[in-house]
Amino acid sequence: MTFLTLLKRELRASLRALLIVGAIFMILAGINLYDFVRYGGANDYRHIDSGIFHGNRVSIVKDYVLEIVPILIFVSFGLAVGLAMLQFWTHQPTRTWGFLLHRSVSREMILTSKLVAAALVFCLAIGIPWSWLYAYVNHIKTTAFPPPTRILWDGWIYVVLGYVGYLATALTVLSRTRWYTTRLFSWGLVIPIATVVIAQTTLWAAWMGLLAGTAILMVQLFNTFSQREF
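Points about the overall build of the protein
Now for step 1: The secondary structure content of the protein amounts to 10 helices and zero strands.
Now for step 2: In the protein, the succession of helices and strands from N to C terminus is α-α-α-α-α-α-α-α-α-α.
Now for step 3: Taken across its 230 residues, the protein has 42% of its residues classed as buried.
Now for step 4: For the protein, the proportion of contacts with a sequence separation of at least 24, taken over those separated by at least 6, is 81%.
Now for step 5: For the protein, the accessible area works out to roughly 12,100 Å², and carbon and sulfur atoms hold 69% of it.

Have a look at this one:
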């Protein structure tokens, strides 16, 4: 069995999660975007009335785009937990791990196919829709200035943070320790990783911290998966 065959299988199994999360994100973000398109031209007056006008319309665009960020965080971590449970936990009650692992492929290839499929699901369900929303706000030009490019990459940081949460959930599922001991230790790493990344003032520093945290969890996941008895 080739890697491509395994990848296709994982993508088919993840298709429902992809469609559901993508639809939820587009509906919630679309409502916010509709409000921006409909009332964008009068936002300066609304900000003046509320006492938070910053002197130019760049801040208005930024405020509206940033309102999508809580939605982005919610769907990213929701997808993280749901997808990891789908890929790793559902094999346990159905006892299909043995069938999967006794094929003529290595455990590393099986795990890699799951991780690559999950990365593609995050990109298709959240990353690409987020990029489209940013581009659409820039295209409609209901204000004099487009949103800064920094906002686009900040959004992708939250998408990758969701992937970090996916790795942590997979580690939690695969761990053989008890729930009240060190089983949730991997999720304990997500909090400092997210704190360090969000606290950075430069994009390159944020991405370096994010990639370092991802690498740490991925190494732990490969080590746990290769040594675990199913």
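From this point on, the discussion continues.
Observations concerning the pattern of salt bridges
Now for step 1: Using the criterion set out here, one finds three salt bridges in the structure.
Now for step 2: For the salt bridge of Asp154 with Arg150, the shortest nitrogen-to-oxygen distance reads 2.8 Å. Taken together, the residues span about one helical turn, with Asp154 and Arg150 both in helix α8 (residues 149-174) at a distance of four residues.
Now for step 3: Judged by its relative accessible area of 33%, Arg150 falls in the partly exposed class.
Now for step 4: When salt bridges that share partners are traced, they join Arg9, Glu10 and Lys114 into one network.

Description of the nonpolar core
Now for step 1: Ranked by size, the top nonpolar core spans 56 residues in total, and within it Phe25, Leu79, Phe122, Ile126 and Tyr166 carry the most contacts.
Now for step 2: Those elements that place two or more of their residues in this core are α1 (3-39), α4 (69-89), α7 (107-140), α8, α9 (185-199) and α10 (203-227).
Now for step 3: Among the elements that take part in this core, α8 stands out by supplying 17 residues, more than any other.
Now for step 4: Residues within four places of Phe25 in sequence aside, it is in contact with Gly30, Ile68, Ile71, Leu72, Val75, Ala125, Ile126, Pro129, Trp130 and Leu133.

A look at α9
Now for step 1: With 15 residues, α9 extends 22 Å from end C-alpha to end C-alpha; this agrees with the ideal 21 Å at 1.5 Å per step.
Now for step 2: Every buried residue of α9 is listed here: Ser186, Val190, Ile193, Ala194 and Val197. Buried residues of α9 fall within an arc of 100° about the axis and therefore sit on the same side. Summarising the geometry of α9, the exposed residues directed more than 90 degrees from the buried face are Phe185, Ile191 and Ala199.

Some points on the confidence of the model for the protein
Now for step 1: When pLDDT is averaged across the protein, the result is 78; 72% of the residues are at 70 or more.
Now for step 2: A low-confidence stretch, residues 41-62 (pLDDT under 50), is modelled with 32 contacts involving residues beyond four sequence positions or located in other chains.

Focus on α4
Now for step 1: In this model, α4 (21 residues) spans 29 Å end to end at C-alpha, consistent with the 30 Å of a helix rising 1.5 Å per residue.
Now for step 2: Along α4, the positions that sit buried rather than exposed are Val69, Ile71, Leu72, Val75, Ser76, Leu79, Ala80, Leu83, Ala84, Gln87 and Phe88.

Observations regarding a nonpolar patch on the surface
Now for step 1: Together, Ile20, Ile24, Ile27, Leu28, Ile31 and Phe74 line one region of the surface with nonpolar side chains, adding up to about 580 Å² of accessible area.
Now for step 2: Mapped onto the secondary structure, Ile27 falls in helix α1.

Conventions we followed
- Residues numbered from 1 in each chain as written.
- Predicted model: local features only at pLDDT ≥ 70, side-chain atom pairs only at ≥ 80, totals over all residues.
- Heavy atoms only, no water.
- Helix = DSSP H or I, 4+ residues; strand = E, 2+ residues; numbered from the N terminus.
- Buried < 20%, exposed > 50% of the residue type's maximum accessible area, 1.4 Å probe, protein only.
- Contact = heavy atoms within 4.5 Å.
- Areas by Shrake-Rupley, 256 points an atom, 1.4 Å probe, with all protein chains shown as cover.
- Salt bridge = Lys/Arg side-chain N within 4 Å of Asp/Glu carboxyl O.
- Core = buried A, V, L, I, M, F, W, Y, C linked by side-chain atoms within 4.5 Å.
- Expected span 1.5 Å × (residues − 1).
- Arc of directions from axis to C-beta.
- pLDDT = per-residue confidence, 0-100.
- Patch = residues over 30% accessible without salt bridge, like charges linked within 9 Å, V, L, I, M, F, W, Y side chains within 5 Å.

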